Each structure stands twice: as C-alpha cells, then as structure tokens.
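Descriptive structure summary
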Amino acid sequence: MALVLADRVQETAAAPGTGTVTLLGAALGYQSFAVIGNGNTTFYTIADQGGNNWEVGIGTYTSSGTTLSRDTVLSNSLGTTALINFSSGIQTVFVTYPSEKSVNLNAAAPIVTGK
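So, a few notes on the structure that sits alongside this text. (Residues numbered from 1 in each chain as written. Predicted model: local features only at pLDDT ≥ 70, side-chain atom pairs only at ≥ 80, totals over all residues. Heavy atoms only, no water.)

Some details on the overall build of the protein
From N to C terminus, the protein includes zero helices and eight strands. Reading the protein from its N terminus to its C terminus gives the helix and strand order β-β-β-β-β-β-β-β. In terms of overall dimensions, the protein is globule-like: its C-alpha atoms have a radius of gyration of 14 Å, near the 13 Å expected for 115 residues. Principal-axis analysis of the C-alpha atoms gives the protein an extent of 45 × 30 × 25 Å. Across the 115 residues in the protein, those meeting the buried criterion constitute 38%. Surface exposure of the protein reaches about 6000 Å², of which carbon and sulfur atoms provide 54%. (Helix = DSSP H or I, 4+ residues; strand = E, 2+ residues; numbered from the N terminus. Rg over C-alpha atoms; globule rule 2.2 N^0.38 Å. Buried < 20%, exposed > 50% of the residue type's maximum accessible area, 1.4 Å probe, protein only. Areas by Shrake-Rupley, 256 points an atom, 1.4 Å probe, with all protein chains shown as cover.)

Okay, structure coming up:
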C-alpha cells in the first residue's frame, strides 16, 4: 500500500456517518478516486456541501464498491482528531495536501514542516 496523490480528484458521497465513504462518482471536470489505485492511501478532505462540517485525514481507496476508508483524522471542523458524523446531506470528497504533512520553504529559505 503506497501513499498516492493526484490532481483534481473529487467525488460526492451521501451521509457516511462516521464510517467508510461510498463514493458516488467524479464531479464534472474532475477525476475519480480510481486514479489513486486499489488499496493505496491518500490524503483526503470530506466536507458538507450545505453545512459547516469538514474533516481532513488519511484514507484507503478500495475499488470494490468504490469506497474510501477514513483511517486517520488529522484535523476537523470541531478542532479535534475525531471522525465527524456526516449524518445527512451530500458531501464533497477530494484529494488534498494537508498542512500537517506539508514540507515547504519559509521566508528565510530553510525547510519547515507542518504547523
């Protein structure tokens, strides 16, 4: 299982509660999570389309049933690392590059990581 990132990956989901997300297909102009590859992990964001709930984490894509497990929560709208309960509505799910895992140069040019 490899960590895979890809550009412009976005799908929708319908109320997964706190469990695995069943992906409903790519948004117009985006790729599906299939580009991540079966059994591979990726950084994800899931967010309510009509609300304030969101979660950023590491998940595993499974092609059978087209699902994304929510293995590790890095941050969320509650300010915790707990799974958000998406109990109603439609959610947007996409590949992201979380600040907690980023590596970048600051103004003085040394490499810094995360927050």
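Now that the structure has been shown, we can carry on.
Some points on the nonpolar core
Val 21, Leu 23, Phe 33, Leu 68 and Val 93 are the most contacted members of the largest nonpolar core, which totals 16 residues. For this core, the secondary-structure elements that each account for two or more residues are strand E3 (41-48), strand E5 (67-76) and strand E6 (90-95). If near-sequence neighbours (up to four positions away) are discounted, Val 93 is found in contact with Val 9, Gln 10, Glu 11, Ala 13, Val 21, Leu 23, Phe 33, Thr 45, Ile 46 and Leu 68. (Core = buried A, V, L, I, M, F, W, Y, C linked by side-chain atoms within 4.5 Å. Contact = heavy atoms within 4.5 Å.)

Topic: the packing of aromatic side chains
The tally for this structure, following the rule as stated, stands at zero aromatic pairs. Taking NZ or CZ as reference, Arg 8 lies 4.1 Å from the ring centre of Tyr 30, over its face. (Phe/Tyr/Trp six-rings, centres within 6.5 Å; stacked < 30°, edge-to-face > 60°. Lys NZ or Arg CZ within 6 Å of the ring centre and 35° of its normal.)

What to know about the sheet that holds strand E2 (residues 21-22)
Pairing between the strands of a sheet is mediated by backbone hydrogen bonds and can be parallel or antiparallel. With antiparallel pairing, six strands are arranged side by side in an open sheet as E1-E6-E3-E4-E5-E2. The open sheet is flanked by strand E1 (10-14) and E2, the only strands paired with a single partner. Across two bridges, E2 lies against E5 in antiparallel orientation. By the bridge assignment for E5, Val 21 is matched with Leu 68. (Pairing = 2+ DSSP bridges.)

Some remarks on a nonpolar patch on the surface
A cluster of nonpolar residues, Leu 5, Tyr 97, Val 103, Leu 105 and Ile 111, forms a patch on the protein surface that exposes about 530 Å² of accessible area. Residue Leu 5 is classed as partly exposed on the basis of its relative accessible area of 44%. (Patch = residues over 30% accessible without salt bridge, like charges linked within 9 Å, V, L, I, M, F, W, Y side chains within 5 Å. Salt bridge = Lys/Arg side-chain N within 4 Å of Asp/Glu carboxyl O.)

Observations regarding the side chain of Asn 40
For Asn 40, the position within the fold is in the loop between E2 and E3. Of the polar contacts made by the side chain of Asn 40, one reaches the backbone nitrogen of Ala 2; its length is 3.1 Å. (Polar contact = N/O pair within 3.5 Å; in protein donor to acceptor, adjacent residues only side chain to side chain.)

Quick notes on unusual backbone geometry
For Ala 15, which is not glycine, the phi dihedral falls at a positive 45°. Structurally, the position occupied by Ala 15 is in the loop between E1 and E2. Using a relative accessible area of 32% as the deciding quantity, one classes Ala 15 as partly exposed. The backbone of Thr 66 sits at a positive phi, close to 40°, despite the residue not being glycine.

Digging into the pattern of salt bridges
One pass over the structure, following the stated rule, counts one salt bridge. Note that Glu 55 and Arg 70 form a salt bridge whose closest N and O atoms lie 2.7 Å from each other. Residue Glu 55 is located in strand E4 (residues 54-62), and its partner Arg 70 is located in strand E5; the two are separated by 15 residues in the primary sequence. As far as burial versus exposure is concerned, Glu 55 and Arg 70 are alike and both buried.

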